[in-house]
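Close look at the chain arrangement
Read off the chains here:
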Amino acid sequence: MTAQPRLSIGLPVYNGEEYLAESLEALLGQTYEDFELVISDNASTDGTEDICRRYAKQDPRIRYIRLPRNIGAAPNHNHVFTECRGELFKWASHDDLYARDLLKRCVEALDERPDVILAHSDQAVIDGDGKVTVPYAYTLATGSPHAPERFRSLLFEPGGDDFYGVMRADVLRRVKPHDSYHHADRTFVAEITLHGPFHQVPELLYFRRDHPTRAERANPSKRARCVNLDPRRAGPLHPTPRLLAEYVWGFVSAVRRAPLSAADRRACYRHLAAWATSRVRPGAGERVEDRAPVDPAEHAVSVDALVAGRERGDA
């Protein structure tokens, strides 16, 4: 790693002891090594702190920050970004897995395409044991040169995990920080894509872990998820209708803020109006990991062969 790392990885975590070490091994075992890993611990009450401090002693690329109180997942995501120094940035989750070449392929894509502002790879959803449950074909038109087409695709197409892609940090600083209303991650990514196209690396390199203690599973209601994102949402001033209204307004305000021509802005508003009328359709907005699991044997992939942690002798 250089004195000024080119890539910063921000890992916000709260009570992540179950899978944290495995995820850290996958990140530290990357073939691309010019990065810093900034961990922001949201006042965890389990063994997260001990795990983080142990790894920080072993690898100088890690910087561990422990917050004095739990500020919520969304503010913690925003906080860890402000602590990062690289020209490129990636959020990482404490329970996901990453193939060894994920960072390398994404950085290469950004270097080859100056117009691209975010690069990610093909993905699959895995269970607590690391077995593939939902293979996922990326169908979003985020690579289009036309901002309205990218925006329309993010509105109507299911799935996508571009939130965890490698991004240009200067673009990220120009968008509104991650909010805490229902599905705020979607409006956040939608605003990012209004600034430029994404690139999808056609290799299976990212594994999103789905398990009973994952935030979306542990907090099944809209209200509970938003309180997890920000404890201030627990008050009576934040009923579910307000959270849903903020979600829709999040898209509107994203279009208002984006650097678009008048014609493109009008096109985005038309797509947004069509999307709003489509929300009565059952299952609209379903996430890929919320679908029924499939038989892993039908989609065999050796995650262990792609993800190499240092305990396997690779670093």
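Quick look at the structure, then.

The rules behind these values
- Residues numbered from 1 in each chain as written.
- Predicted model: local features only at pLDDT ≥ 70, side-chain atom pairs only at ≥ 80, totals over all residues.
- Heavy atoms only, no water.
- Helix = DSSP H or I, 4+ residues; strand = E, 2+ residues; numbered from the N terminus.
- Buried < 20%, exposed > 50% of the residue type's maximum accessible area, 1.4 Å probe, protein only.
- Contact = heavy atoms within 4.5 Å.
- Areas by Shrake-Rupley, 256 points an atom, 1.4 Å probe, with all protein chains shown as cover.
- Phe/Tyr/Trp six-rings, centres within 6.5 Å; stacked < 30°, edge-to-face > 60°.
- Polar contact = N/O pair within 3.5 Å; in protein donor to acceptor, adjacent residues only side chain to side chain.
- Core = buried A, V, L, I, M, F, W, Y, C linked by side-chain atoms within 4.5 Å.
- 1 Å grid on protein atoms, 1.4 Å probe; cavity = no way out; pocket = protein on both sides within 12 Å on 5 of 7 lines; lining within 4 Å.
- Points joined across faces, edges and corners; volume = space filled by probe spheres on them.
- Nonpolar A, V, L, I, M, F, W, Y, C, P; charged D, E, K, R; others polar.

Quick notes on the overall build of the protein
Looking only at helices and strands, the protein features twelve helices and nine strands. Burial statistics for the protein: of 315 residues in total, 54% are counted as buried. Within the protein, contacts between residues at least 6 apart in sequence are counted, and of these 77% link residues at least 24 apart. For the protein, the exposed surface amounts to about 13,800 Å²; the carbon and sulfur share of it is 53%.

Regarding the packing of aromatic side chains
Under the defined criterion, the tally for this structure stands at 13 aromatic pairs. Between phenylalanine 89 and tryptophan 91, the ring centres sit 5.0 Å apart and the planes meet at 85°, which makes this aromatic pair edge-to-face. The burial state of phenylalanine 89 is the same as that of tryptophan 91; both residues are buried. Relative to phenylalanine 251, the ring of tyrosine 247 has its centre 5.3 Å away and its plane inclined at 50°; by these criteria the two rings are tilted. Here tyrosine 247 pairs with phenylalanine 251, and both are found in helix α10 (residues 240–257), just four residues apart, close to one helical turn. This pair shows no difference in class: tyrosine 247 is buried, exactly as phenylalanine 251 is. What links up through ring pairs into an aromatic cluster is the set Phe81, Phe89, Trp91, Tyr98, Phe163, Tyr164, Phe188 and Tyr206.

Examining helix α3 (residues 73–82)
When you tally the buried positions in α3, you get seven out of ten residues, the bulk of the element. Residues of α3 that are buried include every one of Ala74, Pro75, Asn76, His77, Asn78, Val80 and Phe81, and no others. In the core, the buried residues of α3 are packed alongside β1 (7–13), β2 (35–41), β4 (88–91), α6 (169–172) and α9 (222–229).

What about the side chain of aspartate 210?
With respect to the element layout, aspartate 210 can be found in the loop between β9 (198–209) and α8 (215–218). Here the side chain of aspartate 210 touches arginine 214 through a polar contact of 2.9 Å, side chain to side chain. A polar contact of 2.8 Å, which involves the side chain of aspartate 210, links it to the side chain of arginine 217.

Concerning the nonpolar core
Ranked by size, the top nonpolar core spans 83 residues in total, and within it Leu11, Leu37, Ile39, Trp91, Phe151 and Leu172 carry the most contacts. With six residues, the single largest contributor to this core is helix α4 (residues 102–112). Excluding anything up to four places from it in sequence, isoleucine 39 contacts Leu11, Val13, Leu24, Cys52, Ile62, Arg63, Tyr64 and Ile65.

Some words on empty space enclosed by the protein
Enumeration over the complete set of coordinates arrives at two cavities of 30 Å³ or more. In this structure, the largest cavity encloses a volume near 90 Å³. Residue lining of the largest cavity: Lys176, Pro177, His178, Asp179, Tyr181, Ala184, Thr187, Phe188, Glu191, Gly250, Ser253 and Arg257, and that is the complete set. Broken down by secondary-structure element, the contributors of at least two residues to the lining of the largest cavity are α7 (184–193) and α10. For the lining of the largest cavity, the element with the most residues is α7, which contributes four residues. Residue classes in the lining of the largest cavity are distributed as four nonpolar, four polar and four charged.

Let's talk about unusual backbone geometry
What is expected of a backbone is that most residues other than glycine have negative phi and most peptide bonds are trans. The phi dihedral of asparagine 15 falls on the positive side, at around 50°, and the residue is not glycine. In this structure, asparagine 15 sits in the loop between β1 and α1 (20–28). Its identity as a non-glycine residue notwithstanding, alanine 43 has a phi of 60°, on the positive side. Structurally, alanine 43 is set in the loop between β2 and α2 (48–58).

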